[in-house]
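For reference, the chains in residue letters:
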Amino acid sequence: MKSLIIFASGTGTNTQAIVNHFRLDQQARIALIVTNNPAAGVLKIAETEGIPSLVINRDSFKDERLIETLRAHNPSLLVLAGFLWKIPARMVEAFPGKIVNIHPALLPAFGGKGMYGEHVHKAVIASRSPASGITIHYVNEHYDAGDIIVQAHCPVRETDDTHSLAERVHQLEHFFYPRTLEFLLG
Ligand code: GRF
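All of the points below concern the structure found in this document. As the structure is a prediction and not an experimental result, all values here were calculated from the model.

1. Description of the overall build of the protein chain
Helix and strand counts for the protein chain come out as 7 helices and 7 strands. Sequence-ordered secondary structure for the protein chain, helices as α and strands as β, is β-α-β-α-β-α-α-β-α-β-α-β-β-α. Principal axes of the C-alpha set define a box for the protein chain whose edges measure 50 × 35 × 30 Å. Here the protein chain contributes 17 positively and 18 negatively charged side chains, and the mean placements of these two sets differ by 2 Å.

Have a look at this one:
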């Protein structure tokens, strides 16, 4: 069976959607959940689901031994699901074409450093753009700049605030991220 490693910093609703999907699909298993945040909701998910987890800090993130730890799981994909640190070039080189990220807007607009979570939705609403959506893309050594795999759109309504737009975008994420991973696993 193929293995996925998930990187996440927050609540982990995408992580939960991916775990749920592959529990039924059984094409892959989640071998490890990595977080930089000891208070992250994803750790609770890991515990409940019986998935091994790893909490990293700035030093261990850059340490060559982390790459060895990840390699030991022989992952088909490294899946970033709300992971806030930039992936070091060495890790990108160690897993060529195997690291994917999801961004809560239509890249290349509304991406880059500092563009995460509510900041993204605030910028989209301020721009009066009629649409937003999600972008699933490969990861390179720059923020939100790797090749795009898939995008899905949703409307931005006049009445939207960051909360209502985030909710609509999250729904797209939960549907498309697991299915895109399944597609990539082939
Ligand atoms: C998602 O909106 C994702 O696009 C972004 O971070 C958020 C993570 O949400 N990269 P969750 O922790 O999976 O709920």
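2. Notes on the packing of aromatic side chains
In the structure shown here, the tally under the stated rule is 5 aromatic pairs. With centroids separated by 5.2 Å and ring planes inclined at 75°, the aromatic side chains of F7 and F83 adopt a geometry described as edge-to-face. Taken together, the residues F7 in strand β1 (residues 2-7) and F83 in the loop between β4 (77-80) and α5 (89-94) connect sequence positions 76 residues apart. Each member of the pair, F7 as well as F83, carries the same accessibility label: buried. Seen in terms of ring centroids, F61 and F83 are 5.7 Å apart; in terms of plane orientation they differ by 65°. Their pairing is edge-to-face. With F61 in helix α3 (residues 58-62) and F83 in the loop between β4 and α5, this pair connects stretches of sequence that are 22 residues apart.

3. Points about the nonpolar core
Formed by 32 residues in total, the largest nonpolar core has its most connected members in L4, I6, I18, I30, V79, Y177 and L181. The element contributing the most residues to this core is helix α7 (residues 162-185), with 6 residues. Apart from residues no more than four positions distant in its own chain, Y177 is found in contact with N14, I18, V79, L80, A81, V100, N101, I102, I136 and L172. Counting residues in hydrophobic clusters, the runner-up holds 20 residues, among them L78, L80, V92 and F95.

4. Let's talk about the site of the ligand
Around the ligand, the neighbouring residues are T11, G12, T13, N14, G82, I102, H103, P104, H170 and E173. A distance of 3.0 Å separates a nitrogen atom of the ligand from a polar atom in the backbone of I102. Taking E173, its side chain carries an N or O atom lying 2.3 Å from an oxygen atom of the ligand. Taken by itself the ligand offers 370 Å² of open surface, and the protein chains cover 84% of this. Going through the elements one at a time, α1 (13-25), β5 (99-103) and α7 are the ones with two or more residues in the shell around the ligand. Looking at the shell around the ligand residue by residue, the class counts come to 2 nonpolar, 7 polar and 1 charged.

Analysis parameters
Residues numbered from 1 in each chain as written. Predicted model: local features only at pLDDT ≥ 70, side-chain atom pairs only at ≥ 80, totals over all residues. Heavy atoms only, no water. Helix = DSSP H or I, 4+ residues; strand = E, 2+ residues; numbered from the N terminus. Lys, Arg positive; Asp, Glu negative; His and termini not counted. Charge placed at Lys NZ, Arg CZ, Asp CG, Glu CD. Phe/Tyr/Trp six-rings, centres within 6.5 Å; stacked < 30°, edge-to-face > 60°. Buried < 20%, exposed > 50% of the residue type's maximum accessible area, 1.4 Å probe, protein only. Core = buried A, V, L, I, M, F, W, Y, C linked by side-chain atoms within 4.5 Å. Contact = heavy atoms within 4.5 Å. Near = heavy atom within 4 Å. Polar contact = N/O pair within 3.5 Å; in protein donor to acceptor, adjacent residues only side chain to side chain. Areas by Shrake-Rupley, 256 points an atom, 1.4 Å probe, with all protein chains shown as cover. Nonpolar A, V, L, I, M, F, W, Y, C, P; charged D, E, K, R; others polar.

Shape is all these values report; function is a separate question.
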